[in-house]
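If you want the building blocks of each chain, they are given just below.
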Amino acid sequence: MTTQPYLKFDQIGMSFRRGQMATEVLRDVDLRIERGEFVSLIGHSGCGKSTLLNILGGLLKSTSGEVFLEGKVVDEPGPDRAIVFQNHSLLPWLTVYGNIAIAVDKVFGGTKSKAERHDWVMHNLELVQMAQAKDKRPHEVSGGMKQRVGIARALAMQPKVLLMDEPFGALDALTRAHLQDSVMEIHARLGNTVMMITHDVDEAVLLSDRVVMMTNGPAATIGEILPINLPRPRRRLELATDAEYARCRAAVLEFLYARHRVPARAAA
Amino acid sequence: MQAAAKATLSAATVSVANAVPVPESSAEIVTFRPPVRPALERAMEIARHVVSVVLPPLIVLSLTLFVWQLLCSEPGARLPPPTKVVADAWDFIADPFYDNGGIDKGAFWQISKSLGRVAIGFSLAAVVGIALGVLVGQSTWAMRGLDPIFQVLRTVPPLAWLPLSLAGFRHADPSALFVIFITSIWPIIINTSVGVRNIPQDYRNVAAVIRLSWWEVFYKITLPATVPYIFTGLRIGVGLSWLAIVAAEMLIGGVGIGFFIWDAWNSSRISDIIVALVYIGIVGFLLDKLIATVGHFVSHGVSAQ
């Protein structure tokens, strides 16, 4: 018996059925992720990246194959696979504090006292530098701050894997860079296992230990996995002129735009 | 003057030089204080604002009264002019609290009785309507089964229910309550169910990830997310129930502003009818504003999205 990987996608296949039409989105996706690894999924729109993440998150059920987390089959959503959603998904009627407390109270209601839960909420707010805005409502803070709260909410659940679905997609470039730095810092401190979806080649190379590149759908699968052997902590300024960084970046670009170009119908 | 400027300049150079090794130098915080304006000026501004809000309706109202007065002043006019209305109905206007026994009561008692009926019937409709609306919004099968029936029943005019409810309840009062209930419940159900159906999938995903129970989803996600829709329904509902009660009271008799109008008609007190109409309009307007205000406070934050 081989050693059990921390997180394993085993022959994942997914088709959506609508009446007589069945669309095969994913076929034979195999992936192993170790504890503490930061893995990015990159691919063109519609290649099934989000579907794969949602299967891991338990929001979708794969048609074939299974996901194993620490040897256990994943078959429903849960706080051990907390998700940072693309559009932050904060509840607008709760304050920043309340949005995290609703998760903390539910997940740790049985194990932590009220005071401990309060401290834990504040700790996670401080982690994303949002403690000063705890009493604001989501519509009163900027897009980048909302996403910080979304990240804090997910971190507060102490997930075994942190799932991020294009977490910075809706942000402007400067805010995005700030948040990427924050995520790197948090990853360095907490050592979480992270699976992130992105469209952004630089983001993938900068943040990840491995970049998983998906082929185009239908029936998309993993085309190539690129290990990023850049020492941490990584600094974006130094990397701009780094040869290894440039090589990794070129490899991803080459995969996306030379070998797996978007089909003409999609581009039109 | 020049020396002072020079001194500041050199001080600045020194501080910049000092600041170089320190990466984080914070800027000086300058607080901007608006100059305190004289009280008179502020009072003028408030007065100007009030005038701009109050004056236009006042002008239109006086014009209307004037035209009405002109049209109805000639001898043989069928409706009384405003001056005659006030003169005829002065007893009714001046003392809203008189009680001569029976149904001969002042405006306050008549309106309170009607409002009491609305309060009961409308509260029942709100509770049942929100519950049914959530059910219809959440369950596809409940929607398929119930929605067509709701869509047909909601078009039935309030008074068409009255004979049926009189037959069922055998008493005037519960029948009136039922008419209010059945009139105001449809917009509450329909708006609530639309609200529940429009809850973003994101919120449901969040609830799924943190594993909220059915009940927690209901009161932590569904209700707060639906509040603006619910209050739209309640607002329409309270307006309809006020329409319905006046009509229903005309038929069932007893104390109440609706029957007061009917009674006035039977004894040819046209002026009393006109005053009662004004009262009904004002009360309806206040009811609407009341629900809107409560809704504004309760849905604070949600509607800001």
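Residues numbered from 1 in each chain as written. Chains lettered and ligands numbered in written order. Predicted model: local features only at pLDDT ≥ 70, side-chain atom pairs only at ≥ 80, totals over all residues. Heavy atoms only, no water.

Let us look at the overall build of chain B. Counting its regular elements, chain B contains 12 helices and zero strands. In sequence order, the secondary structure elements of chain B are arranged as α-α-α-α-α-α-α-α-α-α-α-α. Here chain B holds 305 residues, and the buried ones make up 33% of them. Entry remark: accessible area of chain B is about 18,600 Å², with carbon and sulfur atoms responsible for 71%. (Helix = DSSP H or I, 4+ residues; strand = E, 2+ residues; numbered from the N terminus. Buried < 20%, exposed > 50% of the residue type's maximum accessible area, 1.4 Å probe, protein only. Areas by Shrake-Rupley, 256 points an atom, 1.4 Å probe, with all protein chains shown as cover.)

All names here are of chain B. Tallied over the full model, the rule gives 14 aromatic pairs over all chains. With 5.5 Å between their ring centres and 50° between their planes, Phe150 and Trp186 make a pair best called tilted. Here the residue Phe150 occupies a position in helix α6 (residues 140-153), and Trp186 occupies one in helix α8 (residues 172-197), the gap between them amounting to 36 residues. Overall, the relative accessible area of 7% leaves Phe150 in the buried class. For Trp186, a relative accessible area of 7% corresponds to the buried category. Residues Phe169 and Phe178 carry aromatic rings whose centres are separated by 5.8 Å and whose planes lie at 55° to one another, so their mutual orientation is tilted. A residue is classified by how much of its surface remains accessible, and Phe169, at 38% relative accessible area, is partly exposed. Taking relative accessible area as the criterion, Phe178 reaches 22% and is therefore assigned partly exposed. (Phe/Tyr/Trp six-rings, centres within 6.5 Å; stacked < 30°, edge-to-face > 60°.)

The next thing to look at is the nonpolar core. One finds Leu7(A), Phe9(A), Leu26(A), Leu52(A) and Val252(A) to be the most contacted residues of the largest nonpolar core, which totals 96 residues. With seven residues, helix α2 (residues 96-108) of chain A is the single largest residue contributor to this core. Not counting chain neighbours up to four residues away, the residues in contact with Phe9(A) comprise Val29(A), Asp30(A), Leu31(A), Ile33(A), Leu52(A), Leu56(A), Glu66(A), Val67(A) and Met195(A). Of all hydrophobic cores here, the second largest spans 46 residues; its members include Tyr98(B), Ile188(B), Ile245(B) and Ile274(B). (Core = buried A, V, L, I, M, F, W, Y, C linked by side-chain atoms within 4.5 Å. Contact = heavy atoms within 4.5 Å.)

This paragraph deals with helix α11 (residues 257-266) of chain B. All names here are of chain B. Where α11 is concerned, the buried positions are Ile257, Gly258, Phe259, Phe260, Ile261 and Ala264. Considering only its buried residues, α11 is in contact with α4 (90-94), α5 (107-138), α10 (214-252) and α12 (270-298). Residue Ser268 follows α11 closely and has a positive phi angle near 55°.

Further remarks concern the confidence of the model for chain B. Residue and element names in this part refer to chain B. For chain B, per-residue confidence averages 86 on the pLDDT scale, and residues scoring 70 or more make up 86% of the total. Here residues 1-25 is modelled with pLDDT under 50, and outside its nearest four sequence neighbours on either side it reaches zero contacts, counting other chains as well. The complex model carries a pTM of 0.77, and its ipTM stands at 0.87. (pLDDT = per-residue confidence, 0-100.)

Looking at chain A as a whole, its pLDDT mean stands at 90, while 97% of the residues score no less than 70. Summarising per-element confidence for chain A, the mean pLDDT is lowest in helix α9 (residues 264-267) of chain A (47) and highest in α2(A) (95).

The side chains of a regular strand alternate between the sheet's two faces. Residue and element names in this part refer to chain A. Of all five residues making up strand β7 (residues 161-165), five are buried, and the element is well covered by its neighbours. Burial along β7 is two-sided: Val161, Leu163 and Asp165 facing one way and Leu162 and Met164 facing the other are all buried. Bridging between strand β6 (residues 83-84) and β7 involves two bridges; their strand directions are parallel. Of the residues in β7, the one forming a bridge with Val84 is Met164. Note on the crossover from β7 through helix α5 (residues 173-190) to strand β8 (residues 193-198): the handedness is right-handed. (Pairing = 2+ DSSP bridges. Right-handed = clockwise from strand over helix to strand, strands pointing away.)

Moving on, we get to the interface of chain B and chain A. Tallying the contact residues gives 20 residues for chain B and 22 residues for chain A. In total, chain B and chain A occlude about 1,900 Å² of area from one another, counting both sides; carbon and sulfur atoms represent 69% of this. Taken as a group, Val209(B), Ile210(B) and Arg211(B) account for 33% of the area that chain B buries against chain A, more than any other trio of residues on that side. As a salt-bridge pair, Lys106(A) and Glu216(B) come within 2.9 Å of each other at their nearest N and O atoms. At the boundary of chain B and chain A, one finds five residue pairs in polar contact (both at pLDDT 80 or more). Of all the secondary-structure elements, those providing two or more residues to the side of chain B that touches chain A are α9 (201-209) and α10 of chain B. For the side of chain B that touches chain A, the element with the highest residue contribution is α9(B), accounting for six residues. (Buried area = accessible area lost by both parts, 1.4 Å probe. Salt bridge = Lys/Arg side-chain N within 4 Å of Asp/Glu carboxyl O. Polar contact = N/O pair within 3.5 Å; in protein donor to acceptor, adjacent residues only side chain to side chain.)

For the rest of this paragraph, the subject is the packing of α10(B) against α11(B). Residues and elements named next belong to chain B. At a closest axis distance of 6 Å, the pairing of α10 and α11 adopts a crossing angle of 45°. In terms of axis orientation, α10 runs oblique to α11. The element α10 and its partner α11 pack so that their crossing is right-handed. Between α10, through Trp242, Val246, Glu249 and Met250, and α11, the contact on the second element is made entirely by Ile257, Gly258, Phe259, Ile261 and Trp262. For the contact of α10 with α11, the per-class residue count stands at seven nonpolar, one polar and one charged. (Axes fitted to C-alpha atoms, helices over the stretch in contact; angles between N-to-C directions. Parallel < 35°, antiparallel > 145°, perpendicular 65-115°, else oblique. Left-handed = near helix turned anticlockwise from the far one by under 90°. Nonpolar A, V, L, I, M, F, W, Y, C, P; charged D, E, K, R; others polar.)

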